[in-house]
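Fold and geometry: a report
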Amino acid sequence: MGKVQVLDHPLLQHKLSILRDKNTGVKEFREIVGEIAALMCYEATRNLPTEEVEIETPVAMAKTKVLSGKKLAIVPILRAGLGMVDSMIELIPSAKVGHIGLFRDPETHEPVKYYCKMPPDISERQVFVVDPMLATGGSAVAALDILKKEYGCRYLTLMDIIAAPEGVKAVTEAHPDVDLYVAAVDDHLNEHAYIVPGLGDAGDRIFGTK
Ligand code: URA
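Note that this is a predicted model, so its numbers are computed, not measured. Each residue is numbered by its place in its chain's sequence as written, counting from 1. Note on the predicted model: pLDDT of at least 70 is required for a residue's local features to be given, and 80 or more for side-chain atom pairs to be given and counted; whole-chain, interface and lining totals, by contrast, use all residues. Note that the side-chain values use all heavy atoms of the structure and ignore hydrogens as well as water.

Topic: a nonpolar patch on the surface
Patches here are clusters of residues that have more than 30% relative accessible area and form no salt bridge, with a 9 Å joining cutoff for like charges and a 5 Å cutoff for nonpolar side chains (Val, Leu, Ile, Met, Phe, Trp, Tyr). With residues, only the protein chains shown are counted as cover, and all accessible areas are computed by Shrake-Rupley using a 1.4 Å probe. One speaks of a salt bridge when a side-chain nitrogen belonging to Lys or Arg is within 4 Å of a carboxyl oxygen belonging to Asp or Glu. A surface patch of nonpolar side chains, amounting to about 370 Å² of accessible area, comprises Phe103, Val112, Tyr114 and Tyr115. A run of DSSP states H or I qualifies as a helix once it reaches four residues; a run of E qualifies as a strand once it reaches two. Both are numbered from the N-terminal end. Top contributing element to the nonpolar patch by residue count: strand 7 (residues 111–117), with three residues. Inspection of the secondary structure assignment puts Tyr115 in strand 7.

Written out as structure tokens, the structure is:
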């Protein structure tokens, strides 16, 4: 089974409380989604391989480390995943960005693909799939399926800010090879497939559409 890491860090938990508050406005919500994504990205990239290089500082020669190994890609699940991309690119400026558009059928809650565009060499990259909310897991499982089956991706990590236990189960069962990073696992899903207590609709709160 892939690793499930709940990033129980005081800064993350503090920022998450601000996101959860229904009185937090769009500007602050958007900023904090970005800050949380950066903090989570820091942890999710902890085990990236490095190699030693020799450089000359203004003072002396030094053996230091740089990233080695696979190039990276970030794949937000549209549209809420977009809120996590900019701050991750600031940390990993050479990462390419693919997009997967999935919407949840309001009746069945099943994911429906409406858009997909990937960098040409995506199969060779270490891919970070991002979406603030892991609810039923339907979208995440579908996105990972698409990346593996249609694009040949083999190195996949999923990052969600808040997960429901149902989503964690669905992803780890369907994609046991994928590492999952979350900042919190909440209590349950309600009858509308919203995470409880959650933070409401992440897309609406990031883009101010409600
Ligand atoms: N998507 C959201 O934005 N919020 C939820 O609670 C569940 C899915």
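Additional details are given in the paragraphs that follow.
Considering the packing of helix 1 (residues 10–20) against helix 2 (residues 26–44)
Only the stretch in contact is used when fitting a helix axis, every axis being a line fitted to C-alpha atoms; angles between N-to-C directions are given from 0 to 180 degrees. Following both chains from N to C, one finds helix 1 and helix 2 inclined at 155°, their axes separated by 10 Å at the closest point. It follows from the interaxial angle that helix 1 and helix 2 lie roughly antiparallel. Crossing handedness for the pair helix 1 and helix 2: left-handed. Note on element contacts: helix 2 touches helix 1 through Glu28, Phe29, Ile32, Val33, Glu35, Ile36, Leu39 and Met40, opposite Leu11, Leu12, Lys15, Leu16, Ile18 and Leu19. Polar here means any residue other than Ala, Val, Leu, Ile, Met, Phe, Trp, Tyr, Cys and Pro, which are nonpolar, and Asp, Glu, Lys and Arg, which are charged; Gly is therefore polar. Taken together, the residues of the contact of helix 1 with helix 2 break down into eleven nonpolar, no polar and three charged. Just so you know how the angles are binned, under 35 degrees is roughly parallel, over 145 roughly antiparallel, 65 to 115 roughly perpendicular, and the rest oblique. Working rule for handedness: look at the near helix, and if it is turned counterclockwise from the far one by less than a right angle, call the crossing left-handed; if clockwise, right-handed. In this description, contact between two residues means that some pair of their heavy atoms is separated by no more than 4.5 Å.

A few points about helix 1
The periodicity of an α-helix, 3.6 residues per turn, causes residues three or four places apart in sequence to face the same way. To sort residues, take the accessible area from a 1.4 Å probe on protein chains only and compare it with the maximum for the residue type: under 20% means buried, over 50% means exposed, and anything in between is partly exposed. Within helix 1, burial applies to Leu12, Lys15, Leu16 and Leu19. Down the axis of helix 1, the buried set is contained in an arc of 105°. They therefore lie on one face. Away from its buried face, by an angle of more than 90 degrees, helix 1 presents the exposed residues Pro10 and His14. On its buried face, helix 1 is in contact with helix 2, strand 10 (155–163), strand 11 (179–185) and helix 6 (202–207). The arc in question is the one spanned by the directions pointing from the helix axis to the C-beta atoms.

Side note on the nonpolar core
The term nonpolar core refers to a set of buried residues drawn from Ala, Val, Leu, Ile, Met, Phe, Trp, Tyr and Cys, joined through side-chain atoms within 4.5 Å. Ranked by size, the top nonpolar core spans 36 residues in total, and within it Leu16, Leu19, Ile36, Met40, Met88, Met159 and Ile161 carry the most contacts. Those elements that place two or more of their residues in this core are helix 1, helix 2, strand 4 (72–78), helix 3 (85–91), strand 8 (126–130), strand 10, strand 11 and helix 6. It is helix 2 that contributes the most residues to this core, eight residues altogether. One finds Cys116, Ala140, Cys153 and Leu158 within the second-largest nonpolar core, a separate group that totals 27 residues.

A closer look at the site of the ligand
Any residue with a heavy atom lying within 4 Å of a molecule or strand is counted as near it. All residues adjacent to the ligand are Arg104, Met133, Ala135, Ala193, Tyr194, Ile195, Gly200, Asp201 and Ala202. Between an oxygen atom of the ligand and a main-chain N or O atom of Ile195, the distance comes to 2.7 Å. A distance of 2.7 Å is found between a nitrogen atom of the ligand and a backbone nitrogen or oxygen belonging to Gly200. For the ligand, the accessible surface in isolation is 240 Å², of which the surrounding protein chains cover 90%. Applying the majority rule of atoms within 2 Å of the grid points places the ligand in the largest pocket. Of the residues that constitute the shell around the ligand, the class distribution is six nonpolar, one polar and two charged. Under this definition, polar contacts are N or O atom pairs within 3.5 Å; protein pairs additionally need one hydrogen-donor-capable and one acceptor-capable atom, and for neighbouring residues in sequence, both atoms have to be side-chain atoms. Each cavity reported here is a set of points on a 1 Å grid over the protein atoms alone in which a 1.4 Å probe fits but cannot get out, each pocket an open set with protein on both sides within 12 Å along at least five of seven lines, and each lining residue one with an atom within 4 Å of a point. Any molecule with more than half of its atoms within 2 Å of a cavity's or pocket's grid points is counted as sitting in it.

A word on the pattern of salt bridges
Enumeration over the complete set of coordinates arrives at twelve salt bridges. One salt bridge in this structure joins Glu150 and Lys113, with 3.1 Å as the shortest N-O distance. Within this pair, whereas Glu150 is found in the loop between helix 4 (138–149) and strand 10, its partner Lys113 is found in strand 7, the two being separated by 37 residues in sequence. Overall, the relative accessible area of 40% leaves Lys113 in the partly exposed class. Put simply, Asp177 and Lys148 hold a salt bridge, and the shortest N to O gap is 2.7 Å. Residue Asp177 is found in the loop between helix 5 (165–174) and strand 11, and its partner Lys148 is found in helix 4; the two are separated by 29 residues along the sequence. On the basis of relative accessible area, Lys148 is assigned to the partly exposed category, the value being 23%.

Some details on the UniProt feature "domain: Phosphoribosyltransferase" (unreviewed entry) in the protein
UniProt positions are given in the numbering used here, feature names are shortened, and annotations may be inferred rather than shown by experiment. Here, the residues flagged by UniProt with the feature "domain: Phosphoribosyltransferase" (unreviewed entry) are residues 6–209. Summarising residues 6–209: 32% helix, 31% strand, and an end-to-end C-alpha distance of 29 Å.

What to know about the UniProt feature "binding site: 5-phospho-alpha-D-ribose 1-diphosphate" (unreviewed entry) in the protein
Here, UniProt's "binding site: 5-phospho-alpha-D-ribose 1-diphosphate" (unreviewed entry) annotation points to Arg79, Arg104, Asp131, Pro132, Met133, Leu134, Ala135, Thr136, Gly137, Gly138, Ser139 and Asp201. As for the largest pocket, its lining draws on Arg79, Arg104, Asp131, Met133, Leu134, Ala135, Thr136, Gly137, Gly138, Ser139 and Asp201 from among the annotated residues. Along the chain, Pro132 turns up in the loop between strand 8 and strand 9 (133–134). Residue classification places Pro132 among the buried positions, given a relative accessible area of 3%. Residue contacts for Pro132: discarding those within four places in its chain leaves Ala80, Gly81, Met84, Asp160, Ile161, Ile162, Ala202 and Ile206. Looking at the element boundaries, Leu134 is found in strand 9. Ignoring sequence-local partners within four residues, the contact set of Leu134 consists of Ala140, Leu158, Asp160, Ile162, Ala163, Ala164, Gly167, Val168, Val171, Leu180 and Ile195.

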